[in-house]
Amino acid sequence: MRKLLFIALAGAAAELIDGALGMGFGVTASTVLIAFAGLGAAQASAIVHTAELGTTLASGASHWKFGNVDWGVVLRLGIPGAIGAFAGATILSNISTKAAAPITAGILVAIGVMLLVKFSRGRSTPPAMKQPYNPVFLAGLGVFGGFIDASGGGGWGPVTSSTLMSLGRTEPRRVIGAVNTAEFLVTLAATLGFVFGLWHDLVEHGLAVLGLLVGGVIVAPIAAWLVSRLNPFLLGGIVGTGLIFLNSPKLLALTDFSDGTVWGIRGAVLVIGLGLSALGVWRSHKTGRGEVPVADKEPALEGAR
């Protein structure tokens, strides 16, 4: 019972991070299951994605309610993402894809640095929309993000949210809302792939699925409300900091640094990243660009349009 409660708390924490920043549920929950429950990468990814069937549905509905969703982006990103996720889940059920982890980590760290630089300037507020994304680009991003997510136990948010934010074509909250909503399709496809390959593992660890599901569903509305209220420059800066913090260990593992040095570098990343995020907020308010748009005061009506 104690173990189930711990997993539920982990699911709640993971969903709070994911729902507010557009990334983190898979990575956080998979890490907990591998480190504290002794599961393998494939089993952890299967459990996390099965639980996400409920958490992503709750998250998407919550983001829609608070006016954070662009349905055109959801479909153009989510359907190709589902294809990539099914392929990734099928492959992970049979082989390991750890060799590609440092490459993916390097890409995400670079995107994180780009986001930090962009949002720390505080010079321009992302448009409310519409600078439409290229459908081919969204499809390619969706396939890649879905594959990374299913094969790596997480990664949909870091790959897709950060990439779309770096383009600056819409507000960070709308990027996060669309990505989280599209994630339901990705999760559904990934779960089907794991059902075919790891059905017995899912049945054996059904309580872990339930714990993550309950914790995540409870917190999902809170996270969606939070992202609709955060300053866009703070939100973009925190996402960039999170990308660097989460992915730098995979790059530093290729070096001879000690564990203490690695944690020192990660601590420096947090201090510098949060400092730059605060700088972006200060600059945005100084120029009068950090206010929440008037339309955001009626999120339910905006989401219904």
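All values reported here derive from a predicted model rather than from experimental measurement. (Residues numbered from 1 in each chain as written. Predicted model: local features only at pLDDT ≥ 70, side-chain atom pairs only at ≥ 80, totals over all residues. Heavy atoms only, no water.)

This paragraph deals with the environment of Val195. As for its placement among the helices and strands, Val195 is situated in helix H8 (residues 172–204). Sequence separation of Val195 and Ala46 is 149 residues, and the distance between their C-alpha atoms is 8.1 Å. (Helix = DSSP H or I, 4+ residues; strand = E, 2+ residues; numbered from the N terminus.)

Right, let's talk about the packing of aromatic side chains for a bit. For any pair of aromatic rings, the description rests on two quantities: the centre-to-centre distance and the angle between the ring planes. A complete count under the given rule lists 0 aromatic pairs for this structure. The residue whose ring lies beneath Arg266 is Phe245, and the NZ or CZ to ring-centre distance is 4.0 Å. Sitting over the ring of Trp263, Arg266 keeps its end group 4.6 Å from the ring centre. (Phe/Tyr/Trp six-rings, centres within 6.5 Å; stacked < 30°, edge-to-face > 60°. Lys NZ or Arg CZ within 6 Å of the ring centre and 35° of its normal.)

Counting 53 residues, the largest nonpolar core has Leu33, Ile47, Leu77, Leu115, Leu164, Phe194 and Leu212 as its most contacted members. Tallying contributions element by element places H8 first for this core, with 11 residues. Setting aside its immediate chain neighbours within four residues, Phe194 contacts Ala42, Ser45, Ala46, His49, Ala89, Leu92, Ser93, Ala150, Trp199 and Leu202. (Core = buried A, V, L, I, M, F, W, Y, C linked by side-chain atoms within 4.5 Å. Buried < 20%, exposed > 50% of the residue type's maximum accessible area, 1.4 Å probe, protein only. Contact = heavy atoms within 4.5 Å.)

This part covers the pattern of salt bridges. Under the criterion given, the structure shown has 2 salt bridges. Notably, a salt bridge pairs Glu171 with Arg173, separated by 3.7 Å at the nearest N-O pair. Considered together, Glu171 and Arg173 belong to a single accessibility category, that of buried residues. Between Arg174 and Glu171 there is a salt bridge, with the nearest N and O atoms lying 3.4 Å from each other. (Salt bridge = Lys/Arg side-chain N within 4 Å of Asp/Glu carboxyl O.)

Right, let's talk about the UniProt feature "transmembrane region" (unreviewed entry) in the chain for a bit. Feature annotation in UniProt places "transmembrane region" (unreviewed entry) on residues 73–93, 99–117, 175–199, 205–226, 233–251 and 263–282, given in this structure's numbering. Annotated as residues 73–93, this span is 95% helix and 0% strand, and its ends, taken at the C-alpha atoms, are 29 Å apart. Across residues 175–199, the secondary structure splits into 100% helix and 0% strand, with the terminal C-alpha atoms separated by 33 Å. (UniProt positions renumbered as here; feature names shortened; annotations may be inferred.)

With that out of the way, let us pick up the layout of surface pockets. One way to see where empty space is left: roll a probe the size of a water molecule over the atoms. Of the voids in this model, the second largest pocket is the one considered here, and its volume is about 160 Å³. The wall of the second largest pocket is formed by 10 residues, among which Lys3, Ile7, His205, Leu207 and Ala208 lie closest to the centre. For the lining of the second largest pocket, the elements supplying multiple residues, two or more each, are helix H1 (2–21) and helix H9 (206–227). Here the lining of the second largest pocket gets 3 residues from one element, more than from any other, and that element is H1. (1 Å grid on protein atoms, 1.4 Å probe; cavity = no way out; pocket = protein on both sides within 12 Å on 5 of 7 lines; lining within 4 Å. Points joined across faces, edges and corners; volume = space filled by probe spheres on them.)

For H9, which comprises 22 residues, the first-to-last C-alpha distance of 31 Å matches the rise-based estimate of 32 Å (1.5 Å per residue) to within 8%. Most pronounced at Ala220, the bend in H9 amounts to some 40°, and the proline Pro221 follows within four residues. When we look at burial in H9, the residues that qualify are Ala208, Val209, Gly211, Leu212, Gly215, Gly216, Val219, Ala220, Ala223, Ala224 and Val227. (Expected span 1.5 Å × (residues − 1). Bend = angle between axes of the 7 residues up to and from the residue.)

With that settled, the discussion passes to a positive patch on the surface. A cluster of basic residues, Lys118, Arg121, Arg283 and Lys286, forms a positive patch at the surface. Position of Lys118 among the secondary structure elements: in helix H5 (residues 101–120). A relative accessible area of 34% places Lys118 in the partly exposed class. (Patch = residues over 30% accessible without salt bridge, like charges linked within 9 Å, V, L, I, M, F, W, Y side chains within 5 Å. Areas by Shrake-Rupley, 256 points an atom, 1.4 Å probe, with all protein chains shown as cover. Lys, Arg positive; Asp, Glu negative; His and termini not counted. Charge placed at Lys NZ, Arg CZ, Asp CG, Glu CD.)

So, on to a nonpolar patch on the surface. A cluster of nonpolar side chains, namely Leu75, Ile79, Ile83 and Val143, defines an oily patch on the protein surface of about 370 Å² accessible area. Counting residues per element, the nonpolar patch draws most heavily on helix H4 (residues 71–92), which supplies 3 residues. For Ile83, the position within the fold is in helix H4. Classification of Ile83 by relative accessible area gives exposed; the value is 58%.

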